[in-house]
Amino acid sequence: MRLRRLCMALACLAPALASATDEDPRSRVLVSEDCVSSVGHREVTLFANGTIRRREGPPGGEEMSLGEVGSGEVEAWLNRLSEPDLGETDTAPGGPEGAWIEACTLELRLPGAPAQTFRYDRYSSPSLALGAIVRVVRDIEAAIDPTSREIELPGDYEPQIGDLLERLDGVRFEIVAFTADDRGIELSSPEQPLTLYIPREEVRLHFQRLLRRGW
């Protein structure tokens, strides 16, 4: 009789235990962005306990970086993520397609709200609401390495090897070298098989943001 009661008690307790495991903040995902093309893969994930994970690199050869933030910063991000009205945002807006185009899937699992999934690419024009969400994700990613925080080109910006810049069309380029006379810049895109050569004084004509300082 006691064995039967014990089994019944365990049976009633099992769902609660499973629920507790599901709610473990170390494994509960709040927001995840996964972007992939034939030449690159980038994933950014924020967990409920404040852990941020980034995987980036060629498909199958990604490198992982981790960061940690406090509950206050997590709460601030959740507030920002819950503000935009995504009700009229297309979950899969149209855009150019191709092997080199980075296709992204964004998943939101905010507390007290149903899970949402959105798909877009580097060349699509997301709604203002979705664009606001993506900017929060960029801030989350930057928390792993504060020096990578996305900023406008400063007024006194001087190019240096390793700088990661965003072109006006959204494609990222890294400065890899200067010309022999030091008046030109060679840039290579980590996302597409593209190499550019531009004069130093024309950086602002082609690029809108400094994403990461180099060496």
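Residues numbered from 1 in each chain as written. Predicted model: local features only at pLDDT ≥ 70, side-chain atom pairs only at ≥ 80, totals over all residues. Heavy atoms only, no water.

Peer 1: Any chance you could explain the overall build of the protein chain here in plain terms?
Peer 2: Counting secondary structure elements, the protein chain contains four helices and 12 strands. Taken across its 215 residues, the protein chain has 37% of its residues classed as buried. In the protein chain, 51% of the contacts between residues at least 6 apart in sequence involve partners at least 24 apart. Looking at the protein chain as shown, the accessible area adds up to about 12,500 Å², and 54% of this sits on carbon and sulfur atoms. (Helix = DSSP H or I, 4+ residues; strand = E, 2+ residues; numbered from the N terminus. Buried < 20%, exposed > 50% of the residue type's maximum accessible area, 1.4 Å probe, protein only. Contact = heavy atoms within 4.5 Å. Areas by Shrake-Rupley, 256 points an atom, 1.4 Å probe, with all protein chains shown as cover.)

Peer 1: Even after reading the chapter, I still don't get the side chain of E166, so can you show me in this structure?
Peer 2: Tracing the backbone through its elements, the reader meets E166 in strand β8 (residues 164-167). Within the local environment of E166, its side chain forms a polar contact with the side chain of Q208, the two groups lying 2.8 Å apart. Separated by 2.7 Å, the side chains of E166 and R209 make a polar contact. (Polar contact = N/O pair within 3.5 Å; in protein donor to acceptor, adjacent residues only side chain to side chain.)

Peer 1: How should I be thinking about the packing of helix α2 (residues 71-82) against helix α3 (residues 128-142) in this particular structure?
Peer 2: One can describe the packing of α2 onto α3 by two numbers: an axis separation of 9 Å at closest approach and a directional angle of 165 degrees. Taken as axis vectors, α2 and α3 run roughly antiparallel relative to one another. For the crossing formed where α2 meets α3, the hand is left-handed. Side by side, α2 and α3 meet where W77, R80 and L81 of the first sit next to I133, V136, D139 and I140 of the second. (Axes fitted to C-alpha atoms, helices over the stretch in contact; angles between N-to-C directions. Parallel < 35°, antiparallel > 145°, perpendicular 65-115°, else oblique. Left-handed = near helix turned anticlockwise from the far one by under 90°.)

Peer 1: Explanation requested: the pairing of strand β2 (residues 41-47) in the structure shown.
Peer 2: Here is the key point about a regular strand: its side chains alternate between the two faces of the sheet. A large share of β2 lies buried, amounting to seven of its seven residues. Burial along β2 is two-sided: H41, E43, T45 and F47 facing one way and R42, V44 and L46 facing the other are all buried. The pairing of strand β1 (residues 29-36) with β2 spans seven bridges and is antiparallel. By the bridge assignment, D34 is partnered in β2 with E43. Hairpin geometry of β1 and β2 is characterised by an intervening segment of four residues between the two adjacent antiparallel strands. As paired strands, β2 and strand β3 (residues 51-57) are joined by six bridges and run antiparallel to one another. Residue R42 lies in a different strand from β3, and its bridge partner there is E56. (Pairing = 2+ DSSP bridges.)

Peer 1: Sorry if this is basic, but what is going on with the state of the cysteines here?
Peer 2: Think of a disulfide as a covalent bridge from one cysteine sulfur atom to another cysteine sulfur atom. Applying the stated rule across the entire model yields one disulfide. The side chain of C35 participates in a disulfide bridge whose partner is C104; the two sulfur atoms lie 2.1 Å from each other. Negative torsions about the S-S bond denote left-handed disulfides, and the value of about 115 degrees found for C35 with C104 makes this one right-handed. Of the two residues, C35 sits in strand β1 while C104 sits in strand β5 (residues 103-108), which places them 69 residues apart along the sequence. For the pair formed by C35 and C104, the shared burial category is buried. (Disulfide = S-S within 2.5 Å.)

Peer 1: Which parts of the structure should I look at to understand the packing of aromatic side chains?
Peer 2: The geometry of an aromatic ring pair is captured by the separation of the ring centres together with the interplanar angle, meaning the angle of the planes. A complete count under the given rule lists one aromatic pair for this structure. Taking 5.9 Å as the distance between ring centres and 75 degrees as the angle between the ring planes, the aromatic pair formed by F173 and F207 counts as edge-to-face. Here F173, found in strand β9 (residues 172-178), pairs with F207, found in strand β12 (residues 207-212); they are 34 residues apart in sequence, far enough to count as distant. Over the face of the ring belonging to F178 we find R200, whose NZ or CZ atom lies 4.4 Å from the ring centre. (Phe/Tyr/Trp six-rings, centres within 6.5 Å; stacked < 30°, edge-to-face > 60°. Lys NZ or Arg CZ within 6 Å of the ring centre and 35° of its normal.)

Peer 1: Hey, could you run me through the confidence of the model for the protein chain in this one?
Peer 2: Parts of the model with low pLDDT should not have their predicted coordinates read in detail. Of all residues in the protein chain, 77% have pLDDT values of 70 or greater, and the mean over the chain is 80. In this model, residues 1-21 is a region of pLDDT below 50 whose contacts with residues beyond four sequence positions or in other chains number one contact. (pLDDT = per-residue confidence, 0-100.)

Peer 1: Sorry, what's going on with α3 here?
Peer 2: Count 3.6 residues to each turn of an α-helix, and residues three or four apart come out pointing the same way. Compared with the 21 Å implied by 1.5 Å per residue over 15 residues, the 21 Å span of α3 between its first and last C-alpha is a close match. Summarising burial for α3: 11 of the 15 residues are buried, a large majority. Burial in α3 covers these residues: A129, L130, G131, I133, V134, V136, V137, R138, I140, E141 and A142. In this structure, the buried residues of α3 make contact with β1, β2, β3, α2, β5 and β6 (116-121). (Expected span 1.5 Å × (residues − 1).)

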